[in-house]
Amino acid sequence: AMLARSCVQSLSSVLGPRVACSIPKRFAGHSHWSNIKRVKAVEDVKRAKIFGKLSREITNVVRLHGEELSGNPRLGVVLAHARSVNMPKQAIDKALKSGSGKLEGVAYEEYLYEGFGPLRGGFLVSVLTDNKNRTVQHLRTIFARNGGELGVSGSASKLFVKKGLLTAHVIPQSESGFLDEAINAGAEDVLEIEEPSNKG
């Protein structure tokens, strides 16, 4: 930068103010490698947040319903999600051990809060936290800033009906029959979901 300024000043004194001085790219202070590192740092932060959230969820699900997949279908769903985002096996095992009591750690509890939006639309907020008081205050602030309010137990839940979600692998040849069976069993909607690719 100092070289560029002195170059402009020297030429301006000789040739006048209208002088163009080319500055080599190396003086710009940027590089392809620094850009890659910056992008990678952002992605690492996002991945860490996702892994942290999944770790807490795995721990809580195991603590509430056990670590046997046969008796804990919710755990199977969480583990499938963790693997789909390439969560490290070591992190998954640590969360499982923490939930089963084999590893000491922070105790997370699951709570359900209710609230209303600015147009009195109902909200149910499911949270997993190790500090209930801090979480309540945080939720109250979020609702207030957006023109809503945190409600009391039962104030908004009466507006909702709890539904179930079932997933199944269906071969194309039996898709039509599967839809008929689902509708006859009382399904309200059937969605086709593409499985994540395992290509690395």
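One can find the structure itself at the top, above this paragraph.
**Notes on the overall build of the chain**
Right, on to step 1. Along the chain, the regular secondary structure elements total 6 helices and 3 strands.
Right, on to step 2. Secondary structure elements of the chain occur, N-terminal to C-terminal, as α-α-α-α-β-β-α-β-α.
Right, on to step 3. Here the chain holds 200 residues, and the buried ones make up 18% of them.
Right, on to step 4. Sequence separation of 24 or more characterises 49% of the internal contacts of the chain that already satisfy a separation of 6 or more.

**Focus on the packing of helix 2 (residues 32-65) against helix 4 (residues 89-100)**
Right, on to step 1. Put simply, helix 2 and helix 4 touch, their axes get as near as 7 Å, and they point 35 degrees apart. Seen along the crossing, helix 2 lies across helix 4 with a hand that is right-handed. Between helix 2, through Ser55, Ile58, Thr59, Val62 and Arg63, and helix 4, the contact on the second element is made entirely by Ile92, Ala95, Leu96, Ser98, Gly99 and Ser100.
Right, on to step 2. Of the residues in the contact of helix 2 with helix 4, the class split is 5 nonpolar, 5 polar and 1 charged.

**Some details on a nonpolar patch on the surface**
Right, on to step 1. There is a patch of nonpolar side chains on the surface, built from Leu112, Leu124, Leu159 and Phe160 and spanning about 380 Å² of accessible area.
Right, on to step 2. Its location among the elements puts Phe160 in the loop between strand 3 (149-150) and helix 6 (175-184).
Right, on to step 3. For Phe160, a relative accessible area of 38% puts it in the partly exposed group.

**Let's talk about the nonpolar core**
Right, on to step 1. Among the nonpolar cores identified, the biggest contains 13 residues, and Ile58, Leu75, Leu79, Ala82, Met87, Ile92 and Leu96 are the most heavily contacted of them.
Right, on to step 2. Those elements giving two or more residues to this core turn out to be helix 2, helix 3 (73-84) and helix 4.
Right, on to step 3. The element best represented in this core is helix 2, accounting for 5 residues.
Right, on to step 4. Ile58 has contacts with Leu75, Val78, Leu79, Ala82, Ile92, Ala95 and Leu96, leaving out every residue within four places of it along the chain.
Right, on to step 5. Of all hydrophobic cores here, the second largest spans 6 residues; its members include Tyr113, Val136, Leu139 and Phe143.

Rules behind the numbers
- Residues numbered from 1 in each chain as written.
- Predicted model: local features only at pLDDT ≥ 70, side-chain atom pairs only at ≥ 80, totals over all residues.
- Heavy atoms only, no water.
- Helix = DSSP H or I, 4+ residues; strand = E, 2+ residues; numbered from the N terminus.
- Buried < 20%, exposed > 50% of the residue type's maximum accessible area, 1.4 Å probe, protein only.
- Contact = heavy atoms within 4.5 Å.
- Axes fitted to C-alpha atoms, helices over the stretch in contact; angles between N-to-C directions.
- Left-handed = near helix turned anticlockwise from the far one by under 90°.
- Nonpolar A, V, L, I, M, F, W, Y, C, P; charged D, E, K, R; others polar.
- Patch = residues over 30% accessible without salt bridge, like charges linked within 9 Å, V, L, I, M, F, W, Y side chains within 5 Å.
- Areas by Shrake-Rupley, 256 points an atom, 1.4 Å probe, with all protein chains shown as cover.
- Salt bridge = Lys/Arg side-chain N within 4 Å of Asp/Glu carboxyl O.
- Core = buried A, V, L, I, M, F, W, Y, C linked by side-chain atoms within 4.5 Å.

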